[in-house]
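# Coordinate analysis (summary)
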Protein chains: 2
Amino acid sequence: MTDINERSARARAWFESLRDRICAEFEAIEREAGSDAAFAFTRWNRVQDGDAEADGGGGVQGLMKGKVFEKVGVNVSTVHGSFDPAFAASINGADAENPGFSATGISLVAHMANPHVPAVHMNTRFLVTSKAWFGGGGDLNPPLPYAEDTADFHAAYQAACDRHGADYYERFKKWADEYFYIPHRKVHRGVGGIFYDHLECPDSAAFEANFAFTRDVGEAFLNVYPRLVRRRMDMAWTPEDKLQQLEWRGRYAEFNLVYDRGTLFGLKTGGNIDAILMSLPPEAVWT
Amino acid sequence: MTDINERSARARAWFESLRDRICAEFEAIEREAGSDAAFAFTRWNRVQDGDAEADGGGGVQGLMKGKVFEKVGVNVSTVHGSFDPAFAASINGADAENPGFSATGISLVAHMANPHVPAVHMNTRFLVTSKAWFGGGGDLNPPLPYAEDTADFHAAYQAACDRHGADYYERFKKWADEYFYIPHRKVHRGVGGIFYDHLECPDSAAFEANFAFTRDVGEAFLNVYPRLVRRRMDMAWTPEDKLQQLEWRGRYAEFNLVYDRGTLFGLKTGGNIDAILMSLPPEAVWT
């Protein structure tokens, strides 16, 4: 096994173990709410260049519809192949002559039944072209924001960042603020978090450092988000609260369908539709 | 008044009178269903180059939330100014040196309470750059399609087309089939209709012919759509029917936010958000 293949395999194994721990924790929260909801897992295979026989990798989509988690998707994908030549030029370390890539990552979106409980998004990934790098992040999307929740979410990510780079939190928080923004509404999609990309791994030392950071980002999510859910899940809500949540989800759908690079790339290049669109809210209104 | 200004004024007057007749007919349908719902009209002004004082035209957005019409928007916009130079190159008869334009048009989207009643979209417009042309069309979007409704809708448009050009219906129906398609779902957004553009008016005769066609397209809509609404509005529906409608509306939102050129152009160039997004469904689900 080459160094890079071994590194990809280690990253994948981490994403899968993080997925298992997150799903177990979310199911435990359902138990606490008196529900027996559980994740259902569906495997899908990626098609490269229209050849259904070729091995392009694939993924496992986990989906749970519960009492607390109205709809939560957790995907781990591990894919490889060749970028479309025109698209390759836009990817770090790739071009029309070097379109080969592999990618492994975890992505999660949770839409919550109770409008007091924040929705959330998180994603981390390891990409390999002629270069190799980690990227990822997470952002909190409360329909009814609480300053305490926002502060705790940012504090968890800041602690993870501060262990790995003095400027990480400031840079990656700013990046999230710029990315998770809806220009036509002139509002942010939520209360932010962190977003990072191109943490390049030219050698073993860089890979170990960036992999350790990415693991800490995952641990931070697993540490803080269930805490916020448990803090809010038993609060009573009014019809007005629910309407505010459903309107807010309309903005969320607008962001994902109009601006989100991952969603658009997936939609326009024939990715797995169910996995790509699991991020859309279970219900939304446009009044 | 120049010829072209007089022609734009006549087109505008027609769009406004069509709007008035459509709104009156839709309100009459609400009366028949025992509702006193009525359109509310909101005027908006277009901002050119960030100058709120400049006259860039504007429009009137009509919106009714009724018992039969869960949400119906009817906009008449009459705007003028300069295209962004980079965008101008993509517009018939315009370029960076000739970015001036004016446009007047009517657009309508109806989302219906009863899932047996088809939703509908229609739009006709008169554009002026260094050229002048009409465009427009309409398509039927039934969550629960009935062959009879589809046939009547197409027959109405075919009759309008056949009066003006032997190949109009075939060409404009095909154009609608190509345009109102959701590639990532591999489904059409509805059961089609017609779509036409660039019916150019280099002289008075061409203007009169194309204007007459556009008026007939509007009359065809006003003739057929209320008939379909009255045919279906009293049918009973099940929770399964309603769920099918709400899921189908998710596809409709995906089309408008990911692919519709008018929506994306409006969103990305700072148009009136409420008027642009009135097309989005009042409620949608992604299961």
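Residues numbered from 1 in each chain as written. Chains lettered and ligands numbered in written order. Predicted model: local features only at pLDDT ≥ 70, side-chain atom pairs only at ≥ 80, totals over all residues. Heavy atoms only, no water.

What follows is about the relation of the copies chain B and chain A. When chain B is fitted onto chain A, the two copies agree to an RMSD of 0.0 Å after a turn of 180° and an axial shift of 0.0 Å. Taken together, these values place the two copies in the relation of a two-fold axis. Mapped onto chain A, 100% of the interface residues of chain B again fall at the interface, so both copies present the same surface. (Least-squares fit on C-alpha atoms with pLDDT ≥ 70 in both. Contact = heavy atoms within 4.5 Å.)

Residue and element names in this part refer to chain A. Burial of strand β4 (residues 100-112) is extensive: 10 of the 13 residues sit out of reach of the surface. Strand direction decides the pairing type here: β4 and strand β5 (residues 119-128), joined by nine bridges, are antiparallel. Counted as the bridge partner of S107 is N123 from β5. Where β4 folds back onto β5 in an antiparallel hairpin, the turn is made up of six residues. (Buried < 20%, exposed > 50% of the residue type's maximum accessible area, 1.4 Å probe, protein only. Helix = DSSP H or I, 4+ residues; strand = E, 2+ residues; numbered from the N terminus. Pairing = 2+ DSSP bridges.)

On to the interface of chain B and chain A. Many authors give the size of an interface as the accessible area that is lost as the parts come together. Taken together, the contacts link 22 residues of chain B with 22 residues of chain A. Carbon and sulfur atoms supply 65% of the area that chain B and chain A bury against each other, a total of about 1900 Å² over both sides. Together, H184, L257 and W286 of chain B form the three largest contributors to the area buried by chain B at its contact with chain A, with a combined 31%. At the surface where chain B touches chain A, the tally comes to zero salt bridges. Viewed at the interface, chain A and chain B are joined by five residue pairs in polar contact (both at pLDDT 80 or more). The set of elements that each furnish at least two residues to the side of chain B that touches chain A consists of α6 (239-259), α7 (261-268) and β10 (283-285) of chain B. By residue class, the composition of the side of chain B that touches chain A is 14 nonpolar, two polar and six charged. Of the strand pairs in this sheet, strand β10 (residues 283-285) of chain A and β10 of chain B are connected by three bridges, and their pairing is antiparallel. Each bridged residue has a counterpart across the sheet, and for E283 of chain A the counterpart in β10 of chain B is V285 of chain B. (Buried area = accessible area lost by both parts, 1.4 Å probe. Salt bridge = Lys/Arg side-chain N within 4 Å of Asp/Glu carboxyl O. Polar contact = N/O pair within 3.5 Å; in protein donor to acceptor, adjacent residues only side chain to side chain. Nonpolar A, V, L, I, M, F, W, Y, C, P; charged D, E, K, R; others polar.)

Moving on, we get to the environment of A209 of chain A. Residues and elements named next belong to chain A. Topologically, A209 is positioned in helix α5 (residues 204-232). Given a relative accessible area of 40%, A209 falls into the partly exposed group. Considering only alpha carbons, one finds A209 and L199, 10 residues apart in sequence, at a separation of 9.6 Å.

Glancing now at the pattern of salt bridges. This model, assessed by the stated rule, comprises 45 salt bridges over all chains. For the salt bridge of R125 of chain A with D197 of chain A, the shortest nitrogen-to-oxygen distance reads 3.7 Å. With R125 of chain A in strand β5 and D197 of chain A in strand β9 (residues 193-200), this residue pair connects regions lying 72 residues apart in the sequence. A relative accessible area of 19% means that R125 of chain A is categorised as buried. The partner of E178 of chain B in a salt bridge is K174 of chain B, and the shortest N-O contact between them spans 3.1 Å. With E178 of chain B and K174 of chain B both in helix α4 (residues 168-179) and four residues apart, the pair spans about one turn of that helix. The same class applies to E178 of chain B as to K174 of chain B, namely exposed.

In this section: the sheet that holds strand β3 (residues 69-82) of chain B. Residues and elements named next belong to chain B. Taking strand neighbours across the sheet as the criterion, the seven strands line up as β1-β2-β3-β4-β5-β6-β9 in an open arrangement whose pairing is antiparallel. Two strands bound the open sheet, and with one partner strand each, they are β1 (40-45) and β9 (193-200). For this sheet, the mean inter-axis angle between neighbouring strands, taken without regard to orientation, is 5°. Strand direction decides the pairing type here: β1 and strand β2 (residues 57-64), joined by six bridges, are antiparallel. Note on β2: the bridge partner recorded for N45 is G58. Relative to strand β4 (residues 100-112), helix α1 (residues 3-32) is tilted by about 10°, and along the sheet it contacts β1, β2, β3, β4, β5 (119-128) and β6 (132-141). (Axes fitted to C-alpha atoms, helices over the stretch in contact; angles between N-to-C directions.)

Here the focus is α6 of chain B. Look at α6 of chain B: 30 Å from first C-alpha to last across 21 residues, which is about the 30 Å you get at 1.5 Å a residue. The buried fraction of α6 of chain B is high, at 15 of 21 residues. (Expected span 1.5 Å × (residues − 1).)

Quick look at helix α3 (residues 147-162) of chain A now. Residues and elements named next belong to chain A. Between the first and last C-alpha of α3 there are 22 Å, a value that for 16 residues agrees with the 22 Å anticipated at 1.5 Å per step. Looking only at α3, the buried set comprises D149, T150, F153, H154, A156, Y157, A160 and C161. Viewed end-on, α3 has its buried residues packed into an arc of 150°, placing them on one side of the element. The inward-facing, buried residues of α3 abut β5, β6 (132-141), α4 (168-179), β9 and α5. (Arc of directions from axis to C-beta.)

The next subject is the sheet that holds strand β2 (residues 57-64) of chain A. Residues and elements named next belong to chain A. Read across the sheet, seven strands follow the order β1-β2-β3-β4-β5-β6-β9 without closing on themselves; strand pairing throughout is antiparallel. Each edge of the sheet is formed by a strand with only one pairing partner; in this case those strands are β1 (40-45) and β9. Pairwise comparison of adjacent strand axes, ignoring direction, gives a mean angle of 5° for this sheet. The pairing of β6 with β9 spans six bridges and is classified as antiparallel. Along β9, the bridge assignment pairs G136 with Y196. On the sheet, α3 packs against β5, β6 and β9 and is oriented at approximately 165° with respect to β6. The sheet strands contacting α5 are β3 (69-82), β4, β5, β6 and β9, and the helix crosses β9 at an angle near 165°.

This brings us to the environment of R7 of chain A. Along the chain, R7 of chain A falls in helix α1 (residues 3-32). Residue contacts for R7 of chain A: discarding those within four places in its chain leaves F126, D203, S204 and F207 of chain A.

On to the side chain of N210 of chain B. One can find N210 of chain B in helix α5 (residues 204-232). Looking at N210 of chain B, its side chain comes within polar contact range of the main-chain oxygen of E200 of chain B, at 3.0 Å.

What follows deals with the confidence of the model for chain A. Looking at chain A as a whole, its pLDDT mean stands at 93, while 98% of the residues score no less than 70. Confidence metrics for the complex model read pTM 0.90 and ipTM 0.86. (pLDDT = per-residue confidence, 0-100.)

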